[in-house]
Amino acid sequence: MILCFSCLSNRQVSFPLIVRGEMTSGCEHGGQWGVACTVENRLPERITGMNFILSLFDEDGEPVFATDWMEFHFGFSENPIEQGEERNFFILLDDYLETEPDEPYLVDYFYACRVEYESGRVLEDPFGRYGMN
């Protein structure tokens, strides 16, 4: 007799937010280099702050930053992200780059690792489950 068990369920996982983004040459951003992204809040709570993790590599596969990744914080308690709202961000990288790249860097990891809500609740995502789509 063989018994089969499955760890999967028919229940669909609901992600609290969606992050979309790309490395940009900065032409639309006044000649500055960075990552342009959009965040969509999918929960009924208002978002008042977020931390993003970013890891970049050059065309040779070498890391751009002195560390494997950098963390960036955005706070917007004066103008929280409402449920269903999409908000655009630009993470300026000029201060972290030694030279201006000829080609956009490869974005290896980019995700929201911490989301702060108006209620005081905090969503932590150290492994990037809500990463860039």
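The following refers to the structure shown. Quick caveat: nothing in here was measured; it's all calculated off a predicted structure. (Residues numbered from 1 in each chain as written. Predicted model: local features only at pLDDT ≥ 70, side-chain atom pairs only at ≥ 80, totals over all residues. Heavy atoms only, no water.)

## Re the pairing of strand β5 (residues 86-92)
Only one face of β5 is covered, namely the face carrying Arg 87, Phe 89 and Ile 91; the face carrying Glu 86, Asn 88, Phe 90 and Leu 92 is uncovered. Pairing of strand β2 (residues 34-41) with β5 involves 7 bridges; the strand directions are antiparallel. Paired with Val 35 across the strands is Ile 91, a residue of β5. (Buried < 20%, exposed > 50% of the residue type's maximum accessible area, 1.4 Å probe, protein only. Helix = DSSP H or I, 4+ residues; strand = E, 2+ residues; numbered from the N terminus. Pairing = 2+ DSSP bridges.)

## What about the pattern of salt bridges?
With the rule as written, the count across this model stands at 6 salt bridges. Two residues, Arg 46 and Glu 118, come together in a salt bridge whose shortest N-O distance is 3.1 Å. Here Arg 46, found in the loop between β2 and β3 (47-57), pairs with Glu 118, found in the loop between β6 (106-117) and β7 (122-124); they are 72 residues apart in sequence, far enough to count as distant. Among the ionic pairs, Arg 87 bridges to Glu 85, the shortest N-O distance being 3.0 Å. (Salt bridge = Lys/Arg side-chain N within 4 Å of Asp/Glu carboxyl O.)

## Concerning the sheet that holds β6
Across the sheet, which stays open at both edges, the 4 strands sit in the order β4-β3-β6-β7 with antiparallel pairing between neighbours. Every interior strand has two partners, whereas the edge strands, β4 (70-75) and β7, have only one. Shown here is a sheet whose adjacent strand axes are inclined to one another by a mean of 25°, direction ignored. Relative to β4, β3 is paired through 6 bridges, and the arrangement is antiparallel. The residue of β4 that forms the bridge with Gly 49 is Gly 75. (Axes fitted to C-alpha atoms, helices over the stretch in contact; angles between N-to-C directions.)

## Description of the side chain of Ser 55
For Ser 55, the position within the fold is in strand β3. Within the local environment of Ser 55, its side chain forms a polar contact with the backbone oxygen of Asp 68, the two atoms lying 2.8 Å apart. Not counting chain neighbours up to four residues away, the residues in contact with Ser 55 comprise Asp 68, Trp 69, Leu 106, Val 107, Asp 108 and Tyr 109. (Polar contact = N/O pair within 3.5 Å; in protein donor to acceptor, adjacent residues only side chain to side chain. Contact = heavy atoms within 4.5 Å.)

## Quick notes on the side chain of Asp 125
Tracing the backbone shows Asp 125 in the segment after β7. Polar side-chain contacts of Asp 125 include one of 3.2 Å to the backbone nitrogen of Gly 128.

## Re the environment of Asn 51
Of note, Asn 51 is situated in strand β3. In the structure, Asn 51 is positioned 20 residues away from Glu 71 in sequence and 6.5 Å away in space, judged by C-alpha atoms. Look past the residues within four positions of Asn 51 in its chain and what remains in contact with it is Glu 71, Phe 72, His 73, Tyr 111, Ala 112, Cys 113 and Arg 114. For Asn 51, the side chain forms a polar contact with the side chain of Glu 71, separated by 2.7 Å.

## Describing the nonpolar core
The nonpolar side chains of a soluble globular protein tend to be buried with one another. In this structure, Leu 17, Met 50, Phe 52, Leu 54, Leu 93, Phe 110 and Val 115 are the most contacted members of the largest nonpolar core, which totals 28 residues. Going through the elements one at a time, β1 (17-24), β2, β3, β4, β5 and β6 are the ones with two or more residues in this core. (Core = buried A, V, L, I, M, F, W, Y, C linked by side-chain atoms within 4.5 Å.)

## Observations regarding a negative patch on the surface
A contiguous patch of negative charge on the surface is contributed by Glu 59, Asp 60, Glu 62, Glu 100, Asp 102 and Glu 103. Structurally, Glu 59 is set in the loop between β3 and β4. (Patch = residues over 30% accessible without salt bridge, like charges linked within 9 Å, V, L, I, M, F, W, Y side chains within 5 Å. Areas by Shrake-Rupley, 256 points an atom, 1.4 Å probe, with all protein chains shown as cover. Lys, Arg positive; Asp, Glu negative; His and termini not counted. Charge placed at Lys NZ, Arg CZ, Asp CG, Glu CD.)

## Overview of the packing of aromatic side chains
By the definition in use, this model includes 7 aromatic pairs. The structure contains a cluster of three or more aromatic residues connected by ring pairs, namely Phe 52, Phe 74, Phe 76, Phe 89 and Phe 110. One residue, Arg 121, lies across the ring of Tyr 117, its end atom 5.0 Å from the ring centre. (Phe/Tyr/Trp six-rings, centres within 6.5 Å; stacked < 30°, edge-to-face > 60°. Lys NZ or Arg CZ within 6 Å of the ring centre and 35° of its normal.)

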